[in-house]
Structure formats: C-alpha cells, structure tokens
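Single-letter residue listing:
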Amino acid sequence: MEFDLSQTDALLSTTRAVRKRLDLDREVPDEILLECLQLAVQAPTGSNRQGWRWLVIRDPEKKEALADIYRRAGADYLSSQEREVDPNTQTGRVIDSANYLAENMGRVPVLVIPLIIGRLGQPGVSAPGLFGSIIPAVWSFQLALRSRGLGSCLTTLHLGLEEEAAELLNIPDHMTQAALLPVAWTKGTDFKPAVRPPVHEITYLDTYKNPIRPS
Ligand SMILES: Cc1cc2nc3c(=O)[nH]c(=O)nc-3n(C[C@H](O)[C@H](O)[C@H](O)COP(=O)(O)O)c2cc1C
C-alpha cells in the first residue's frame, strides 16, 4: 500500500489545537463521531488491554456544568498566564485562545471525555502505562476529525476537579478521565504547520552527549 505523503504529512503537520475556529452553531452527527472513534481504537495500548471508554456529551445542561468545572479548575492557571505572558508572543496568543475556549466550552456542539479503566496508585498501574494507553487513541481521534473537516483541542484543565466531573457524569471510581475534547466543525480548514525547532537540534545519536548531525 502506498500512501499519498503530501496528504498524510499535511494531516500530521496541520492538526492543531482549535479553539476560536470551532463552529459553535453547526451540528456534529453521531455518525462522524463514531467513525472517528472507530479509527481511534486502532491505536496501541499496553498489554493490548484496550481499556478505553468514550463519553460523548451533548446535553446542554451537562455541557454547561462541565464548562463551569473547567473554568473553576483552570481559573488560577489561566489568570496567572494572562498576567505573566506577553500577549504578542505565540504563548500569549495561546492563552488568549485558551480563555476564549474556557468561556465558550459549554457552547461547543460536542464534548468528548476519553476514559481509561484503572487509577494511578492501584497495584500494577503506572502513569506511562495508563495514560500511554489512551493518549495515542486521542490523537488518532483528533487526526480523523481533522481529515473530515472537524477540529478539537486536547484539554486537561478540568482534571483538577476530576471527581466533580465524575459525579456529574456518573463515571465510576475505577476509571480515569484522560482529557476533555471540545469537538466541532472548523471555520475553514486551512491550518498551518506550527513553528517548531529543527529536530536535529533536539535529537541525539547513541549517547545524550552526541547531538545527531543531519546528513
Ligand atoms: C497534555 C496536554 C494538555 C493540554 N491542556 C490544555 C487545556 O487544558 N486547555 C487548552 O486550551 N489547551 C490545552 N492543551 C493544548 C495546548 O495548549 C496546545 O497543544 C499547544 O498550545 C500547542 O498548540 P498546537 O497543538 O496547535 O500545536 C493541552 C495539550 C496537551 C498535549
């Protein structure tokens, strides 16, 4: 099987955290969500356990309650960033965008919480094994959304009040929420690659003392 690299590379390099360009007014059908989740569950998991579960939230009251949890859990972080970061820098723009999302989280058509069976602190449950068995699927879900004209943003701020969200949504105690993803059609699909350092500056060969040299 040959891939069209221009397409796959564009997908991988332009799947961004979308906040201000989420279309708050266009309905997202279940069919598309399930298609994207079906692709997501092709992702790897530790011991092939596939202990993932997906919670799709559409109910306006539940979404607003979750948005309120998100804002309360994220308030200190967001306001400290707003004070400390120059609004004209890339990080400043991210904070502005993050504040917009916090204000509008309850209006996004669909919120998705990826869940994983297990809790940190249980015997045999490690952070790499637990989160490493759900985040690859989350990213595949985001890629599948992007390739269909939808967007999302991996968020974790509400996890500061994870228990409150679990109570709201009847999530059992033995499950861990990995994130909260607002999902919507995007306004336009022309996203650009982010500015990132050349990887040879952050890649080493054989020993951490030996930066790799591009050939
Ligand atoms: C582990 C993780 C947690 C994140 N948590 C949040 C969050 O709570 N709220 C938010 O608006 N963005 C969150 N983000 C999105 C990042 O801010 C975003 O990925 C980053 O600014 C880079 O933007 P890009 O994904 O478009 O390259 C999170 C991303 C990751 C990977």
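A quick note: this is a predicted structure, and the numbers were derived from the prediction, not measured.

Caption draft 1: Local environment of the site of the ligand. As a matter of local geometry, the ligand sits amid 13 residues, with Arg16, Ala17, Arg19, Tyr70 and Leu154 nearest to it. Between an oxygen atom of the ligand and a main-chain N or O atom of Leu157, the distance comes to 3.0 Å. Here the ligand has 620 Å² of accessible area as a free molecule, and 62% of this is covered by the chains. When residues in the shell around the ligand are grouped by element, the largest group, 3 residues, is from helix 4 (residues 90-104). Considering only residue class, the shell around the ligand consists of 8 nonpolar, 2 polar and 3 charged.

Caption draft 2: View of the environment of Thr45. Position of Thr45 relative to the elements: it lies in the loop between helix 2 (30-40) and strand 1 (52-57). Put simply, Thr45 and Lys192 are 147 residues apart on the chain and 30 Å apart in space, counted from C-alpha to C-alpha. Other than its neighbours up to four places away in sequence, Thr45 contacts Gln50, Trp52 and Ser133. Separated by 3.2 Å, the side chain of Thr45 and the backbone nitrogen of Arg49 make a polar contact. In terms of polar contacts, Thr45 uses its side chain to reach the backbone amide nitrogen of Gln50, at 3.2 Å.

Caption draft 3: Region of the structure containing the side chain of Thr186. Here Thr186 lies in the segment after strand 5 (181-185). With a relative accessible area of 11%, Thr186 lands in the buried category.

Definitions and cut-offs
- Residues numbered from 1 in each chain as written.
- Predicted model: local features only at pLDDT ≥ 70, side-chain atom pairs only at ≥ 80, totals over all residues.
- Heavy atoms only, no water.
- Near = heavy atom within 4 Å.
- Polar contact = N/O pair within 3.5 Å; in protein donor to acceptor, adjacent residues only side chain to side chain.
- Areas by Shrake-Rupley, 256 points an atom, 1.4 Å probe, with all protein chains shown as cover.
- Helix = DSSP H or I, 4+ residues; strand = E, 2+ residues; numbered from the N terminus.
- Nonpolar A, V, L, I, M, F, W, Y, C, P; charged D, E, K, R; others polar.
- Contact = heavy atoms within 4.5 Å.
- Buried < 20%, exposed > 50% of the residue type's maximum accessible area, 1.4 Å probe, protein only.

These values are about where atoms sit, not about what they do.
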